[in-house]
Every structure is written in structure tokens, then in C-alpha cells.
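# Structural features, examined
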Amino acid sequence: MTEWISIRGARQHNLRNIDVRIPRGRLVVVTGVSGSGKSSLAFSTLYAEGQRRYVESLSTHARQFLDQVEPPDVDAIEGLSPAIALEQRPAGSNPRSTVATITEILDYARILFAAAGQPHDPTTGEEVFRRTPQQIVDRLLALPVGSKAVILAPVELMHGEKLSHLCERLRRDGLVRVRIGGNLFELDDSEQLPKFRAPSSTPIEAVIDRVTVREGVAARLTDSVEAALRRGNRRVRFLLSDPGTTAWRLEEATTAFANPSTGFHLPDLSPKHFSFNSPLGACPDCHGLGSRSVFDPPRFLARTDLPLLSGGLRGWWPASGKVRTALNQQIADLAHRCHADLSQPCASLPAVFLEALLHGDAAAAWPGLIPQAEHLQQNTRSASTRRLLQSLTSERACSSCKGKRLRPEILAVTLADAQGNSRGIGEFSALRIAEAHTWISDLVFPAALRDALTDIQNEIAERLRFLERVGLGYLSLDRRTVTLSGGETQRIRLATQLGGRLSGVIYVLDEPSIGLHPRDHERLLETLRELRDIGNTVIVVEHDLSTILAADHVIDMGPGAGPQGGAVVAEGSPAAIAAHPESLTGGYLRREYSIPVPSRRRKAKGWLRLLGAREHNLRDIDAAFPLGCFICVTGVSGSGKSTLVDDILRPALAQRIHGSREEPGAHRALEGAEAVDKVIVIDQSPIGRSPRSNPATYVGAFDLLRALFARLPAARIRGYSPSRFSFNLPGGRCEQCRGEGSIRIDMHFLHDVFVPCDACRGSRYNRETLQVAYRGRNIAEILDASIHDAARLFERIPRIYEKLRPLEQVGLGYLKLGQPANTLSGGEAQRVRIAAELARRDTGHTVYLLDEPTTGLHLHDIGTLLGVLQRLADAGNTLIIVEHHPDFIRCADWVIDLGPEGGDGGGSIVAQGTPEKVAASPHSHTGRFLAHPAIAL
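Turning our eyes to something else, we now look at the overall build of the protein chain. Of the regular secondary structure elements, the protein chain holds 33 helices and 34 strands. If you line up the protein chain on its principal axes, its C-alpha atoms span 115 × 85 × 65 Å. Looking at the protein chain alone, contacts between residues at least 24 apart form 68% of all its contacts between residues at least 6 apart. Distance from the positive charge centre (110 side chains) to the negative charge centre (106 side chains) of the protein chain: 5 Å.

Summed over the entire model, instances satisfying the criterion amount to 50 salt bridges. Residues Arg130 and Asp268 are paired through a salt bridge, measuring 2.6 Å at the closest nitrogen-oxygen approach. Highlighted residues: Arg130 in the loop between α4 (105-116) and α5 (133-141) and Asp268 in the loop between β13 (264-266) and β14 (291-295), separated in sequence by 138 residues. Here Glu252 and Arg237 are joined by a salt bridge, their closest N and O atoms 3.2 Å apart. Highlighted residues: Glu252 in strand β11 (residues 249-254) and Arg237 in strand β10 (residues 235-241), separated in sequence by 15 residues. For Glu252, a relative accessible area of 28% puts it in the partly exposed group. For Arg237, a relative accessible area of 15% gives the class buried. One connected set of salt bridges, linked through shared partners, spans Arg139, Asp242, Arg249 and Glu251.

The strand order across the open sheet formed by six strands is β5-β18-β19-β3-β20-β21, and the pairing between neighbours is mixed. Of all strands in the sheet, those bounded by a partner on one side alone are β5 (83-86) and β21 (567-572). The sheet shows a mean angle of 20° between the axes of neighbouring strands, direction not considered. Note that strand β18 (residues 506-510) and strand β19 (residues 537-541) share five bridges and pair parallel. Following the sheet pairing, Ile506 is matched in β19 by Thr537. The strands touched by helix α18 (residues 518-533) are β3 (27-32), β18 and β19; relative to β19, the strand with the most contacts, the crossing angle is about 145°.

Pairing in this open sheet of six strands is mixed, and the strands run β26-β31-β32-β24-β33-β34 from one edge to the other. A single partner strand is all that each edge strand has here, and the edge strands are β26 (678-682) and β34 (908-913). The average undirected angle you get between the axes of adjacent strands in this sheet is 15°. Where strand β24 (residues 630-635) lies against strand β33 (residues 894-899), five bridges are found, and the strand directions are parallel. Bridging across to β33, Ile631 finds its partner in Trp894. Along the sheet, helix α22 (residues 641-658) makes contact with β24, β26, β31 (846-851), β32 (878-882) and β33, crossing β26 at roughly 140°.

Looking now at helix α28 (residues 798-809). Between the first and last C-alpha of α28 there are 16 Å, a value that for twelve residues agrees with the 16 Å anticipated at 1.5 Å per step. Those residues of α28 that sit buried are Ile800, Tyr801, Leu804, Pro806, Leu807 and Gln809. In the segment just after α28, Gly811 is the residue with positive phi, at about 85°.

Turning our eyes to something else, we now look at the packing of aromatic side chains. Here a ring pair, both rings aromatic, is described through the centre-centre distance and the interplanar angle of the planes. Taken as a whole, this structure holds eleven aromatic pairs when the rule is applied. Ring centres 5.6 Å apart and planes at 50° place the aromatic pair Phe630 and Phe888 in the tilted group. Residue Phe630 is found in strand β24, and its partner Phe888 is found in helix α31 (residues 886-889); the two are separated by 258 residues along the sequence. Residue class for Phe630 comes out buried when judged on its relative accessible area of 0%. Judged by centre distance (5.4 Å) and plane angle (50°), the ring pair of Phe709 and Phe725 falls under tilted. You can see Phe709 sitting in helix α24 (residues 701-710) and its partner Phe725 sitting in the loop between α25 (713-718) and β27 (742-745), a full 16 residues away along the chain. The rings of Phe702, Phe727 and Tyr765 are connected pair by pair, giving a single aromatic cluster. The ring of Tyr720 has Arg724 lying over it, and the distance from NZ or CZ to the ring centre is 4.3 Å.

Next up on the list: the layout of surface pockets. A probe as big as a water molecule, rolled over the atoms, marks out the empty space that is left. Its volume calculated, the second largest pocket comes out at about 770 Å³. In this structure, the second largest pocket is lined by 38 residues; those nearest its centre are Pro518, His521, Asp544, Ser546 and Pro886. Looking at which element gives the most residues to the lining of the second largest pocket, the answer is α18, with six residues. Here the residues of the lining of the second largest pocket are counted per class, giving 15 nonpolar, twelve polar and eleven charged.

All right, on to the environment of Phe43 then. By the secondary structure assignment, Phe43 is in helix α1 (residues 38-56). Relative accessible area serves as the criterion here: at 8%, Phe43 is assigned to the buried category. Expressed as a C-alpha distance, the spacing of Phe43 and Val541, which sit 498 residues apart in the sequence, is 9.2 Å. Setting aside residues no more than four positions away along its own chain, Phe43 makes contact with Ala48, Ala85, Glu87, Val508, Leu509, Asp510 and Val541.

The rules behind each value
Residues numbered from 1 in each chain as written. Predicted model: local features only at pLDDT ≥ 70, side-chain atom pairs only at ≥ 80, totals over all residues. Heavy atoms only, no water. Helix = DSSP H or I, 4+ residues; strand = E, 2+ residues; numbered from the N terminus. Contact = heavy atoms within 4.5 Å. Lys, Arg positive; Asp, Glu negative; His and termini not counted. Charge placed at Lys NZ, Arg CZ, Asp CG, Glu CD. Salt bridge = Lys/Arg side-chain N within 4 Å of Asp/Glu carboxyl O. Buried < 20%, exposed > 50% of the residue type's maximum accessible area, 1.4 Å probe, protein only. Pairing = 2+ DSSP bridges. Axes fitted to C-alpha atoms, helices over the stretch in contact; angles between N-to-C directions. Expected span 1.5 Å × (residues − 1). Phe/Tyr/Trp six-rings, centres within 6.5 Å; stacked < 30°, edge-to-face > 60°. Lys NZ or Arg CZ within 6 Å of the ring centre and 35° of its normal. 1 Å grid on protein atoms, 1.4 Å probe; cavity = no way out; pocket = protein on both sides within 12 Å on 5 of 7 lines; lining within 4 Å. Points joined across faces, edges and corners; volume = space filled by probe spheres on them. Nonpolar A, V, L, I, M, F, W, Y, C, P; charged D, E, K, R; others polar.

Bear in mind that shape data such as this cannot, by itself, settle questions of function.
Here is the structure:
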């Protein structure tokens, strides 16, 4: 096989007909400024061609779609082997998907618990055992010689069956006696048999045999016990009498897991019993989801600062009319009974009245708001009413399974390690990956099962070890995948691939360092090297300097973004890139260029204090945020940054300032919020999920463009309104693709594919609409222009230019104005949001919350972004940013560093203050990297 992957004439997107050779079996980093063509080369060309060749090898049914899927625009690719892409995409929205399920760790764990787990009675906690028929017989043979035993098989009447019918069945089977309610009866004596029908609690047992324990009776006992077990549904009872006595005692045995003293019975366990996706194991109350949607009392109060009947109460009833009048009168009567003054704000109403209002008061014949809502939810057919009722609910952990998703009898099955630490599968799933690795490695199995289960144990331990190595040891196994970031999801996929031990494969990764603290980069690099060392080619699109320095081969794209990019500026070893005079990346590697640190730090205009934060792993901390400053919240992965900012501070501010009904995480108080008039979250969620959304629509420029086109002479002559130039409305849009510009093809076995519409050729508009032009360009051509070109075109139209200029300022000038939102990365979507905020007027008292805005940015682009963010802070606003990048953190006014470790080892404030103060802290991992910049070549 050739030692190189050769790409000739690559022209995909902005690539300039380039030729590239990539060494096989090496760690290759593709870098360059944002929009330079890195992803176009690695994903849209190399990986796309690998996928196309894979589809060609599939069945005829699959290949019927091939002609509609366009190959990448490239002359030839040689030396290509199967390719796997590990991208920054969400893990999906399935609430049943967890870290343990997508890594298949839970599948292996279910086998262990089914094969070697020790069941317990969930009501008493007693261990539950089952015996083999031979063990039961041995128990009887161990009785003193001369002991008497009556072997009984428990039987039950079928629904509605008469006792005489049961007795007739037993008689036909050759039995002669039956024991009913503790009394023996002859089956032939029908006159003496009691007369009753099922259901009845009276125990009925067929007498199988009567035996005296002596030598030579083992074979007879075995036959009788096995017959009783067959008839008694794996249960057998004995009436036993010691030699020389007339007293009888009753004992029971079973070959199933059971506790005779409580009647608890467990079927033969299989892996399906430990799956919350199977009715055999799923909690019957939450059906394996672990949570239930319940009506939340605080959500019924819209505004606690207003009187109940004057805007304070929120519900599903009309705002006026007879229904509302009658309801108000009922509430007034209830308030009178509870001595509540309805003219006072809701916050001042007595608790006894609010309890009665929400849950009901039988004495006042008032059913309560929540019972009424529950009744309406079960009976309404109105979709709008259901949506309104849903807004009054919150997700709560299931009260039956406590969020563990499984039946209580399944959760009570345990495994023990060498130290005697017993855990059920629910407790195992709740462990963090690092803790789970330690526990699973120490499990001890019975000798008879050891050989069979050791391989499964090792497989689980290996997968957990790989997850630790990519820096995810802080995640719990039951963490829902919908809560994972794109970087965490990608690293999970990376660990899974490493566990698969494939070789000869091309792995294409998209910035795997995203979301990682610099301390954890080395472990990630070790994983990438191991993937390379087992015979794979690892191609990483990356900006992180430490990853570039660790590469065997670097391809630096550029020199600029969009039309100014698409060329190979330099390639070779990291040292060769650093020595190249035209490489911007090389300039940062040799520290010729760097992000300048501000000469002064802003002083606080006040303080926002979050006291007693204790959600998740936070340890009752008090965090102080200086207002009017640029603030970074830092710490290793899993230290509690997102919990502090996103789970507590964000909803607490939104609740206080905007009246949000979202409940913040556990904390004692929020002080200083009166100095804030607005809180804005700028995250990395998509700005839209379909090709209809784009930067122009998001920042508000598209409405202005449509109005401009409607005022053009050609449009006025034809009577076109602004709606004519919308691809979302009939009239001007292409009706074949309905303005999408592309048609979605359901691939059944693969992700859906979007192909250009053959009627409008991707323009989205019909022919007549495209005949109207501004300065020689129709609406489709303007949407297809780069933001940089569009800004130059509309420079003399201030209202449009003011919307486009911020997109350039945040480094997105290379994007197309109408680029579909579903093609934007998380970092690009976040910068579009920043641009939209820059285009708005602020009061100087806004709190902006950002999550890793450096995602997807080259160091050069980070410098540009920092200039924009510093402008927001200069205007008096407060920026609170969760970030890992040391060069970015050095530019902050204030740093709050959490840790010292992740998970249970984190949750404390290790250091806070200026970057210089944090850098001097001996206990801060972040401080160590702030004090010692990356080594330059």
C-alpha cells in the first residue's frame, strides 16, 4: 500500500485547486485561520470521498441514491482507505441515551449482573437464594433417620374455577390427597371438600408423596421433589415431623429467587431485566426514563410581586368571562376562609392558603389548582391546552426508582468487589467514570463463573480506562447524552474507537481539544498517538498549539479566510511550519505573534454575589463577580464551571430580572442583581436547525434587504412586495424545494442527505424573482456573497451596513450571507449571536454569559474576538465567560478558578482575582498555565 494519501485538484468550497500529500500512519494536523479551508479539505473532500466509496460498496437498494449525492469537487484521491469522522455534533436528543449506553458499557454490565449478581428482597434487604432440586433433596436427606416428610406442591385455582374442577384435574393426574387451608382431604371424597371459588387466599397444596427418611430413599425423594416443583411452579413445601413426635412444621423451598417469609419472588435473571429499555426491567412508573413530568407549584405563580388575581396567578383559564369570574369568586372564598388578603403580593400570602389553593381544601369544597390541571391534562383533546399545561410542569426524578430507571427488585441485585463494597446496577451507573473503573476492576466472581466473566469485566474496564484517558473521568455513567457538549461527545466517540482497536483506518477529528483544560491535553494526545500507533492515519483539524507541536505532519491552510483562503501556505513538521515566513500559525509557534495582555484591569462598579452555591459537586461556595468587568470562570473539566454559571447564576438572574419560571440550582442567595437590567446568554446552540436559517436572518439584515429590493424600479413595476423576496413564502420562492435550495433524501440506514434542487440550482427563488437586481446582483447572488463582500456592497446604506459590520468584527466575514445555519459550527453560531448583540443598543448594565467563545478559533481570530468583547466591557457591561484558553484568560479583568480537580474532587474556589494573582496560586492548575506560556519553537 502507498505511503501517502494523494489529493489532486481539490476545489471543494473555497479550496483553490490544491494538491496535497498526507502521510499514512501518521498524526496529521490541519490548521489555519477560521474559514481558511481546513474542514473543506479534511471533511468535505477527504472524508466525503471515503464515505462515497463506502456507499458504492453497499447493496443496490442503497446505491439508488448515489447519483443524487454529489461527490466532492476533486480531480483524484489516491491511497484512500475507509474513513471515520469524529465531529463536534450533539449525541442526539434521546432521553434514554446515557454515557453508559452509547459506550456499550451498560450492555456488558448487564451481563455481569445477570450472571453473577446477588438478589435481595427489596422490602427487607435480605439476600435471596435459590436452590437446585438436588440441594433440596440433600436438605431432606440430612434430617434424622425416621423423620417423616409430606411433599406438597402449591397449586392455585384458575380465575372463576370451582374447587371440584381443580380436584378432578389432580385426580386424573393420579394424585389422591389435597391439603386445603392446613387440612388434608381425600380427592375421592367430594362431600368433604370445601365449596368455594377463586380468588381465595386459602392455600391449596397437592400431596405428591409421603416419605420416611431412611437409607435408600434418595431416588424416591428426588422424583417426588422434581414432580412437586413442576406442578408447583418451581415451589415445593414440606410437612416435617421429627422421629418420636407428632408435631408437624411447614417449610418451603424453591428453585427460583424467593423469600418465603415475605412472599417475594424473582424470575430467572437475564440481561434484559437490567435494561431500562425493556419492560422486564424498566420502572413501571417512569417507564425507564428516570424522571416524570409533574405539575410544579411555583410555576402557577406568574409574578410573586403582584396580587394573586391581578397578574400573580398563571393558569389555563381565560383572562375574562364567566369562567374566570366564577374562579375568582371561589379563590376569594378560600382566601376568606384562610384569612388571606388577596390585595397583597403573592409573596406575602400565608403558606396555608397557598397550600389549599394549589392542592385543595375538602372543607371548602375547593379541588385545588393542581388536581384540576391533572384532570384536564388527562381529558383535554386541545393541543394548545396541552402545551399550556406542559408549561406548568417540571421534570422531577421518579419517586419510585429515585431516577435509577429500573424496578426495585432489579436495583436490589448487587455485585461485590474484593473489599466487600456491594453495588447494584443503579449505583454502578451513578458512579463517575474514574470511580467505576476502580470498582469494576476489583470485582470478585465465584470460581465457577470466573473464567466466563473475566473477559467481560476486562472489556468494561478497558472502555472506562479509555474514557479516563481522553479526560472524561469526571462524567457519571448515567449522565444523559443530551447534556453533553460537542467536545465531550467527540471524545466519547474517540474512546469508543480506541476500544475497537481498528487498524488501517483514516480517522478525521474536528478539534478534539475543545472543552479540555490544558492540563488534560497531554492525555488526549496520548490517545491520538495510540490510535496512530496501532496502524491508523489520524487527521486532526485543530488550532491548539500543543496539538500542533505533537503532530508528525502539519498542513497550514490560508493565508486568509473565505476567498482569501483555500491554499496550502506551508506543510511539513511543526519546526518547518514555525520556520516558514508566510505562515501565520508559524508566527505564533515561534512567538513572533501573540495575543497582547491589557496594560490595565478594569475596577468593579459593584458586585454580583452568588452565595451558598451547592448544586451538583459545588461545595457551598460564595462566588463574587465584579460588575462592569471582563470575567473568566476557569478550572479543569468537571470542576463545576458550567454548574456555577449555567445551572445557578443564569436562571437566578433570569428569574430576578426577567421573571423567568426556570428554577436555579441550589444556592442560598443572589445579591447585587438590582444593578443589572438585562441578562443575555450567548451559547453555541444552533441559530437554526434547517437550511432556511442563516446569518442574514439572525442579525435582522434580511428584512432590510427584502425591503430594499421591493423599492427597486423593476420590483415596483411588477408590484412586488418585500414578501416576494422571502424564500419562506409562496410567490417568489422555488416551489419544487419550497425555498430550501436543497432537497432532503432519506438514506434510511445513514444520516439524511441534502442535495441541490435541480429546478432553482440551489438559489431558492423562481426565475421571475431573480430578474430583479441591485447593482447587478439579484437576491440569490447577494445571499451567496461573503459577508465581507456584502458589507462593501451596502456600505452606503447605513441600516444594512450596521447589521453586517459586527459579523465582520467577530471574524465571520468569510461566511456567506445566506449560509444555511445547519452548516455552521458551534463556535460560528456563537459568534453570530455576539454580532447580533453588537448590532443592538445596550444600556451598559447588561450581563453577558458566554461558554467557550474561542471554540473553533485560530489564535489570530481569538485576538479579533477579544477586541469585540473588550468593547462590550468598555461600555460598562459585565461579561462572564467559561473558558479554558490561557491566552484568552490572561486578558480578563477577574478570574474565578474552580477545582482543584473534577467531579467529587472539585467544586471549590481554588483562586480568584486578577490573572496575575491566579497565576501565583500554588494550588491552581489554571494558574500554572497562566504563569508558563506554551513552549515556542
